[in-house]
Structure formats: structure tokens, C-alpha cells
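# Observations on chain architecture
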Amino acid sequence: MDEDNKVEALERDSFGKGAARKLRAAGRIPAVVYGHGTQPVHVSLPAHQIGLIVRKANAVLDLQISGKSQLALVKDVQKDPVLQIIEHLDLIVVKKGEKVQVEVPVHLEGESAAGTVADLDSHTLTLEVEATHIPENVVVSVEGLEEGTQIHAKDVTLPKGASLISDADALVVNVHVPQKAADVEETAEGEEAAEAPAEEAAAE
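Since the structure is predicted, the reported quantities are computational estimates derived from the model, not experimental observations.

In this section: the overall build of the chain. In terms of regular secondary structure, the chain is built from three helices and 13 strands. For the chain, with 204 residues in total, the buried portion stands at 35%. Partitioning the intrachain contacts of the chain with sequence separation of at least 6 by distance along the chain shows that 60% fall at a separation of at least 24. Counting only carbon and sulfur atoms, one obtains 50% of the accessible surface of the chain, whose full area is about 12,500 Å².

Next up, the structure:
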């Protein structure tokens, strides 16, 4: 567990837009922690620290609430659509060793064969992993892959301890020649074919 994810959470008992505005003006973000049959706990968290942590997908926070430690997975981040300021967090209680289902980003590595493009069809894969060992991403190598190569979810090497929840046949990567390049090649071939009979006729 990353020490940077240890967050001081203050319980709050005032709600509504006005209260949320006051919190944000004080550099804090309202959040609610729920799950495992517990009563929802309303807290406020330090805005700057949270802004850094939630840059990573599926961040797990070690909340310090009234002197007690509580692990919680960031489930939902609500942002102002214009200012992109975090307005509210939904956090789910998790326990060490517990398995959770999360969407993990897919990251492409390497270059496919010359003249081809590797398109990422599935930007995330749903995995079941330990709550305290959620991978930042899943790496898929496209190094040297030829046109027509397709990588499906079942072909992806998953991090240790992870299980695939996404459809095994879901297309993740499709390697192809860009349409314009293909059109140019076809046109060039067509012109060569047209020139050949003309040259033969001239020779006769």
C-alpha cells in the first residue's frame, strides 16, 4: 500500500451546495464512504492530495477517520464540467485480501509492422483483482505485428493474481493498413495494369 495514499479524513455533518462550497474554499473535498453493510460515512478530504492520487485509475485510499484506518476504493469522481475541479468522491470500503472488480486501462507498447496502424478497440478491461494490488494498467505489445493481426481479451497477459471478467472474445487491438495508404497502393497497381497493355500495343 502506497504511503502517499494515507489520507486524513474529517467527518462532516453539514450538507448541501453551500456546505460543499465552503469545504472547497477551505481546500477540502466532500466525500461519502460506504459498503460492507456499514452506514455511509460523510467526510471531507484534502483537495490537493486527492487531486494527485485520483490521476491513477482505481486508487485505493488509506483513510484516517477519527484515528482509525479504513481502506476505500475510489468508485466515482464528480468534476465540474467546465473548471474540471473535483466536486465530490464516492468511496467503497475494501478490506486487505478482498477481491474487487475494476476497469483497468490498456496500454499499447511497441510499433506494429511498417505501414500498419495498431488500433485500440478496448481502452479498458474489467478484471477481478485484490483490492490492495490493483494494477495501473494492462500492457499489450504490438511490436512487429503484421496487417490483419487481432488481439482479443483472452490473448492479453494479465498481471499476477488478476482474473478476466470482460468478454474473452472482445477485440482489444486490430492491426491494419490505413485506408488512404491502401487506396494509394490499389490506384498505383491499377495504373500499372492499364499501362502494360498500352506498352505492348506500342511494341507491336
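This next bit is on the sheet that holds strand β12 (residues 163-164). Spatial ordering of the open sheet is given by β10-β7-β9-β12, a layout of four strands whose pairing is mixed. The open sheet has two edge strands with one neighbour each: β10 (138-141) and β12. The pairing of strand β7 (residues 99-109) with β10 spans four bridges and is classified as parallel. Considered in β10, the bridge of glutamate 109 is made with serine 141.

Okay, the pairing of strand β2 (residues 28-35) next. Across the eight residues of β2, seven count as buried, placing the element largely inside the fold. Examined bridge by bridge, β2 and strand β3 (residues 38-46) share seven bridges and lie antiparallel to one another. Its bridge partner being in β3, valine 32 is matched across the sheet by histidine 42.

As paired elements, strand β1 (residues 6-11) and strand β4 (residues 60-65) share four bridges and run parallel to each other. Counted as the bridge partner of valine 7 is leucine 63 from β4. As paired strands, β1 and β3 are joined by two bridges and run antiparallel to one another. Looking at β3, one finds that glutamate 11 is bridged to valine 43.

Conventions adopted
- Residues numbered from 1 in each chain as written.
- Predicted model: local features only at pLDDT ≥ 70, side-chain atom pairs only at ≥ 80, totals over all residues.
- Heavy atoms only, no water.
- Helix = DSSP H or I, 4+ residues; strand = E, 2+ residues; numbered from the N terminus.
- Buried < 20%, exposed > 50% of the residue type's maximum accessible area, 1.4 Å probe, protein only.
- Contact = heavy atoms within 4.5 Å.
- Areas by Shrake-Rupley, 256 points an atom, 1.4 Å probe, with all protein chains shown as cover.
- Pairing = 2+ DSSP bridges.

Spatial relationships are all this shows, so hold off on functional conclusions.
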